[in-house]
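Chains, contacts and geometry: an overview
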Amino acid sequence: MSIDFQDSTPLYVQIVRDIKEKIDGDELKIGEQLQSHKLLAKEYDVSLITIKSALSTLIDEGYLFSRVGKGTFVAKKNGDASITRHSSIGMVLQHLKDPFFSLIAQIVEEKAYTKNFNILLSNSSSQIEKEEAQIKHFRALGVKGLIIATLRKELQAPPIIRKLHADNFPYVMISYIADEDIWYVGTDHELGAYLATKHLIDLGHTKIGYLSPKTNPLDTIRFKGYKKTLDEAGIEYNETFRLSKNTRDTLISYEAGYELGDRFHELDEKPTAYFAYDDTSALGFMKRVQELGYRIPEDLALVGYDDIDQAKYATSPLTTIHQPVEKIGEAAIDKLIKRIEGEKAEVRTLFEPHLVIRESCGAAISSK
């Protein structure tokens, strides 16, 4: 492998250059699958992070494309983007590590494959500038359509999405957007928050808090559902029970939820239950409060949102709101392909979430 560890050029840049040379020299052919990240890291004698940085750059430049769960493939040679121009869809995500959107990506890729479309996957890494650049880059490559999970904090569509809309370019949003005219597939988040909070009220809780990122459009919607439920039950909202942590990537993380556990511990008056914005933050929060000596659910009931796989395996399996991820992924790609092929499709598709009761709220225990 052509890597010079004495060269000041970043290692990932050298790997990018080496793979480009292999593509240009027909050593790697269009459609050929690259080795796994682990094997590439071993052959180049670099870290997995370096390999991922190199491949991400090559994907962004259109030399490679990724099929979720299947690997990375050669997309073009010498600037020939014909493979993308004729049969590909771009997918712009906030974070590939996000369990909700990564599962949607897998479902989209599998369904798209049956329709003879490739999925070109990109990760904006919570950078708005990168998100916009990736959308523009995919259009320049000639993709037929886009599926987008924007990281914007606003409820309304940002200018880059409005530009796609004005150009009548096929796209579908899978992150929440309030505009009724924007193509969108998702869940009724206000209803989900209502179901979570109502469940805690039905269990007898009157001091119910909310774990919140405060940097995400969904926070506004889910908080609205949470507060509406309190109001309907005649329970006064207590601002001190709302624990929030602004995070860099707009999605509250496990680490942020963990830190909020300390904030809970410091409260003079404590809630007896919490509804968390998502499962990831709920699991981090659960970990920390248990370390501090609180018992879940005996001392504190907890309900999350999303129903990610990790939720059922927590130390106290997490009660949560299930989003029908499979339906969202399938509806998103079906809607986009209909738009690409000029068929009629509904602009907004909302699925109803439902409550999944496990041990963390106390209901499952009390019923035994």
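Criteria and cut-off values
Residues numbered from 1 in each chain as written. Predicted model: local features only at pLDDT ≥ 70, side-chain atom pairs only at ≥ 80, totals over all residues. Heavy atoms only, no water. Phe/Tyr/Trp six-rings, centres within 6.5 Å; stacked < 30°, edge-to-face > 60°. Buried < 20%, exposed > 50% of the residue type's maximum accessible area, 1.4 Å probe, protein only. Lys NZ or Arg CZ within 6 Å of the ring centre and 35° of its normal. Axes fitted to C-alpha atoms, helices over the stretch in contact; angles between N-to-C directions. Helix = DSSP H or I, 4+ residues; strand = E, 2+ residues; numbered from the N terminus. Parallel < 35°, antiparallel > 145°, perpendicular 65-115°, else oblique. Contact = heavy atoms within 4.5 Å. Nonpolar A, V, L, I, M, F, W, Y, C, P; charged D, E, K, R; others polar. Pairing = 2+ DSSP bridges. Salt bridge = Lys/Arg side-chain N within 4 Å of Asp/Glu carboxyl O. pLDDT = per-residue confidence, 0-100. Core = buried A, V, L, I, M, F, W, Y, C linked by side-chain atoms within 4.5 Å. Left-handed = near helix turned anticlockwise from the far one by under 90°. Expected span 1.5 Å × (residues − 1).

**Digging into the packing of aromatic side chains**
Considering all chains together, one arrives at 14 aromatic pairs under this definition. For the ring pair Tyr 176 and Tyr 184, a centre distance of 5.8 Å and an interplane angle of 85° mean the geometry is edge-to-face. With respect to class, Tyr 176 is no different from Tyr 184; both count as buried. An aromatic cluster is built from Tyr 210, Phe 223, Tyr 226, Tyr 237, Phe 275 and Tyr 305, whose rings are joined through pairwise contacts. Arg 139 extends its terminal NZ or CZ atom over the ring of Phe 169, reaching a point 4.5 Å from the ring centre.

**Quick look at the packing of helix α3 (residues 48–60) against helix α6 (residues 128–141)**
Where α3 contacts α6, the two axes come as close as 10 Å, and the packing angle between them is 50°. With respect to their mutual orientation, α3 and α6 come out oblique. Residue-level contacts link Ser 56, Ile 59 and Asp 60 of α3 to Lys 130, Gln 134 and His 137 of α6. In the contact of α3 with α6, the residues fall into 1 nonpolar, 3 polar and 2 charged.

**Describing the sheet that holds strand β11 (residues 301–303)**
Strand order across the open sheet formed by 4 strands is β9-β8-β10-β11, with parallel pairing between neighbours. Edge positions in the open sheet fall to β9 (242–244) and β11, since each of these has one partner strand only. Across this sheet, the average inter-strand angle for adjacent strands is 20°, counted without regard to direction. Of the strand pairs in this sheet, strand β8 (residues 208–212) and β9 are connected by 3 bridges, and their pairing is parallel. Within β9, the residue paired with Tyr 210 across the bridge is Arg 242. Helix α10 (residues 254–266) rests against β8, β9 and β10 (273–276) of the sheet, and its axis sits at about 140° to β9.

**Focus on the pattern of salt bridges**
For the structure on display, the rule yields 20 salt bridges. We note a salt bridge from Lys 227 to Asp 231, for which the minimum N-O separation is 3.5 Å. A residue pair is termed a helical-turn pair when its members lie 3 or 4 positions apart in one helix, as Lys 227 and Asp 231 do in helix α9 (residues 217–232) at 4 residues. On the accessibility criterion, Lys 227 (28% relative accessible area) is partly exposed. Assessed through its relative accessible area of 45%, Asp 231 is described here as partly exposed. What emerges from the salt-bridge pattern is a single network uniting Asp 262, Lys 287, Arg 288 and Glu 291.

**Focus on the confidence of the model for the protein chain**
Detailed reading of predicted coordinates is not advised where the pLDDT is low. The share of residues in the protein chain with pLDDT of 70 or more is 89%, and the mean pLDDT across the chain is 86. Predicted confidence is poor over residues 78–86, with pLDDT under 50, and the contacts of this stretch with residues over four places away or in other chains come to 20 contacts.

**Here we look at the nonpolar core**
In terms of nonpolar packing, the biggest core is built from 45 residues, with Leu 146 and Ile 161 touching the most fellow members. Broken down by element, the residue count for this core peaks at 5 residues, all from α9. With near-sequence residues (within four places) excluded, Leu 146 lies in contact with Ile 89, Gly 90, Ile 135, Phe 138, Arg 139, Leu 164, Phe 169, Pro 170, Tyr 171, Val 172 and Leu 336. The next biggest cluster of nonpolar side chains, apart from the first, holds 26 residues, and it includes Leu 93, Ala 105, Phe 117 and Ile 333.

**Topic: the packing of α10 against helix α11 (residues 279–291)**
Describing two packed helices takes the angle between their axes plus the distance from one axis to the other. Viewed as axis vectors pointing N to C, α10 and α11 meet at an angle of 40°, and their least axial separation amounts to 6 Å. With respect to each other, α10 and α11 are oriented oblique. In this structure, the crossing between α10 and α11 has a hand that is right-handed. Here Tyr 254, Gly 257, Tyr 258, Leu 260, Gly 261, Asp 262 and Phe 264 of α10 come into contact with α11, specifically with Thr 280, Ser 281, Leu 283, Gly 284, Phe 285, Lys 287, Arg 288, Val 289 and Glu 291.

**Examining the pairing of strand β1 (residues 64–67)**
The two faces of β1 match: Leu 64 and Ser 66 on one face and Phe 65 and Arg 67 on the other face are all buried. Across 4 bridges, the pairing between β1 and strand β2 (residues 71–74) is antiparallel. Each residue of the ladder has a partner; that of Leu 64, found in β2, is Val 74.

**Section: the side chain of Gln 323**
On the secondary structure map, Gln 323 appears in the loop between β12 (320–322) and α12 (325–340). A relative accessible area of 2% places Gln 323 in the buried class. Ignoring any residue separated from it by four or fewer positions in sequence, one finds Gln 323 in contact with Phe 100, Thr 187, His 189, Arg 222, Tyr 305, Asp 306 and Ile 328.

**Describing helix α1 (residues 11–24)**
The end-to-end C-alpha distance of α1 is 20 Å, a good match for the 20 Å that 14 residues give at a rise of 1.5 Å each. Among all positions in α1, only Gln 14, Ile 15, Val 16, Asp 18, Ile 19, Lys 22 and Ile 23 are buried. Elements that come into contact with the buried residues of α1 comprise α2 (37–44), α3, β1 and β2. Two residues or fewer after α1 comes Asp 26, characterised by a positive phi angle close to 65°.

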